[in-house]
Amino acid sequence: MTQITLPRPDDWHLHLRDGAMLRAVTPETARHFGRAIIMPNLVPPVVTGAQASAYRDRIRAALPEGSDFTPLMTLYLTQETDAADLVQAHKDGIITSVKLYPAGATTNSASGVRDFDKVRPVLEAMAENGVPLCVHGEVVDSDIDIFDREAVFIDRVLDPIRRATPGLRVVMEHITTSQGADYAREGGDDLGATITTHHLVINRNALLVGGIKPHYYCLPVAKREEHRLALRKAATSGDPSFFLGTDSAPHTDPLKENACGCAGCFTATNTLSILAEVFEQEGALDQLSAFASQNGPRFYRLPVSDQTVTLEKGAPVVYPDKIETEDGLVTVFDPMMPLHWRVL
């Protein structure tokens, strides 16, 4: 196979930041993707319907002329979230979902949830009104090894929340472990899971062997090879539980390359080429459409795109190493392999 056409993909987990960064990176996603779930962890975070509407306007203003890209907004769940405002924002079409960050789990998550009992009324309102919950699935307890945070979160937090809130539709975002894949696979119609591009490519050796590689540092961190292979198996299986969420997360190089570098891999520019390479390696190009274009919309109860994207295999594609922004350079994720698939 040297050419593949699929419905225009969507990105079900994306960071666009704000200001100069927003203006620089938004076109990188809009070039290939039709829609994206936009993360709300700005400073300050997006916590009300009015703030989500204003952020959506700023995203739209950053789009290239003629672009029909649709940002799907989320609210940042806090212990002070107004359930009525949240539900109304969803009814008005301002937001698509709500994001749960355990406080301190990742970039700009200080305003996240510390006491999960305090958000139960909001979660119950979400279940009653069909508002999906997107979850950053890691505990932050200091006694839990960073490589075990996802598995412990499933047992201690996620499973109890789902049992206590029947009907709550949950997306396990950026799963990184075989335990995460197994739980999502067995979780029923109300549970889905996104998998990032970079977690299909790197394991923790990429970050640590031969010196620390800050541009492979992300949260959740890449795990052992056995987990990367489990993610590949899940993504390429066609199972509707799994769909693409790149978690593309731009930071300028000085913020990545320092003594306490920021977490995040910027993959918006070359994601589709990387995915085609990965799916071909797994003998599963026929499942790329399900993962990138169909499973996500079906979980979110949205139509699959009636537009198409075609990829063609040929000589290696040369992508830029860096993206220029007014704030500084942003490094594009390097998959450490030639990419033979280009988007026509």
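Residues numbered from 1 in each chain as written. Predicted model: local features only at pLDDT ≥ 70, side-chain atom pairs only at ≥ 80, totals over all residues. Heavy atoms only, no water.

Enquirer: Explain the sheet that holds strand S10 (residues 308-313) to me, using residue names and the numbers behind them.
Expert: With antiparallel pairing, the three strands of this open sheet are ordered in space as S1-S10-S13. Only two strands of the sheet have a single neighbouring strand rather than two, namely strand S1 (3-7) and strand S13 (341-343). On average, adjacent strands in this sheet sit at an angle of 25° to one another, irrespective of strand direction. Inspection of the sheet shows S1 paired to S10 by five bridges, in the antiparallel sense. For Gln-3, the partnering residue across the bridge sits in S10 and is Glu-312. (Pairing = 2+ DSSP bridges. Helix = DSSP H or I, 4+ residues; strand = E, 2+ residues; numbered from the N terminus. Axes fitted to C-alpha atoms, helices over the stretch in contact; angles between N-to-C directions.)

Enquirer: Outline the packing of helix H6 (residues 178-185) against helix H8 (residues 225-235), listing residues and values.
Expert: The interhelical angle for the contact between H6 and H8, taken along N-to-C directions, is 30°, at an axis separation of 8 Å. Comparing the axis directions of H6 and H8 gives the class roughly parallel. Packed against H6, whose contacting residues are Ser-178, Gln-179, Ala-181 and Arg-185, the element H8 presents His-227, Ala-230 and Ala-234 at the interface. Its residues assigned to classes, the contact of H6 with H8 comprises three nonpolar, three polar and one charged. (Parallel < 35°, antiparallel > 145°, perpendicular 65-115°, else oblique. Contact = heavy atoms within 4.5 Å. Nonpolar A, V, L, I, M, F, W, Y, C, P; charged D, E, K, R; others polar.)

Enquirer: Go over the sheet that holds strand S6 (residues 133-136), please, and point to the residues and values.
Expert: Reading across the sheet, the eight strands line up as S2-S3-S4-S5-S6-S7-S8-S9 and stay open at both edges, with parallel pairing between neighbours. Edge positions in the sheet fall to strand S2 (11-14) and strand S9 (242-244), since each of these pairs with one other strand and no more. Strand-to-strand twist across the sheet, computed as the mean angle between neighbouring axes with direction ignored, equals 30°. Pairing analysis gives four bridges linking strand S4 (residues 70-76) to strand S5 (residues 95-100), with the strands arranged parallel. Bridging from a neighbouring strand, Tyr-76 pairs with Lys-99 of S5. Relative to S5, helix H3 (residues 83-91) is tilted by about 145°, and along the sheet it contacts S4 and S5.

Enquirer: Can you tell me about the side chain of Arg-162, naming the residues and giving the values?
Expert: Within the secondary structure, Arg-162 sits in helix H5 (residues 149-164). What Arg-162 contacts, discounting residues up to four positions off in sequence, is Val-170, Tyr-183, Gly-187 and Leu-191.

Enquirer: Can you break down the environment of Thr-308 residue by residue, with the values?
Expert: Here Thr-308 lies in strand S10. Residues Thr-308 and Leu-255, spaced 53 residues apart in sequence, show a C-alpha to C-alpha distance of 36 Å. If sequence neighbours within four positions are ignored, Thr-308 has contacts with Thr-5, Leu-6, Pro-7 and Arg-8.

Enquirer: Hey, could you go over the pairing of S2 for me, with residue numbers and the actual values?
Expert: Taken residue by residue, a regular strand's side chains alternate between the two faces of the sheet. Pairing between S2 and strand S3 (residues 35-38): two bridges, direction parallel. Looking across to S3, one finds that Asp-11 is bridged to Ala-36. This β-α-β element, S2 to helix H1 (residues 19-30) to S3, shows right-handed connectivity. (Right-handed = clockwise from strand over helix to strand, strands pointing away.)

Enquirer: Could you give an account of the packing of H1 against helix H2 (residues 49-62), naming the residues involved and the relevant values?
Expert: At a minimum axis separation of 8 Å, H1 and H2 run at an interaxial angle of 65°. Between H1 and H2, the crossing angle belongs to the class labelled roughly perpendicular. Seen from above, H1 lies across H2 with right-handed handedness. Every residue of H2 that contacts H1 at Leu-22, Arg-23, Thr-26 and Pro-27 is listed here: Arg-58, Ile-59 and Ala-62. Looking at side-chain class alone, the contact of H1 with H2 contains four nonpolar, one polar and two charged residues. (Left-handed = near helix turned anticlockwise from the far one by under 90°.)

Enquirer: I'd love a proper account of the pattern of salt bridges, names of residues and values included.
Expert: Evaluated as defined, the whole model comprises 14 salt bridges. Among the ionic pairs, Arg-228 bridges to Glu-225, the shortest N-O distance being 2.8 Å. On the criterion of helical spacing, the pair formed by Arg-228 and Glu-225 is a turn pair, its members being three residues apart in helix H8. When its relative accessible area of 14% is taken as the criterion, Arg-228 is described as buried. Given a relative accessible area of 30%, Glu-225 falls into the partly exposed group. The salt bridge involving Lys-313 is made with Glu-280; its shortest N-O contact spans 2.7 Å. Remark: Glu-280 occurs in helix H10 (residues 271-281) and Lys-313 occurs in strand S10; sequence separation between them is 33 residues. On the basis of relative accessible area, Lys-313 is assigned to the partly exposed category, the value being 33%. (Salt bridge = Lys/Arg side-chain N within 4 Å of Asp/Glu carboxyl O. Buried < 20%, exposed > 50% of the residue type's maximum accessible area, 1.4 Å probe, protein only.)

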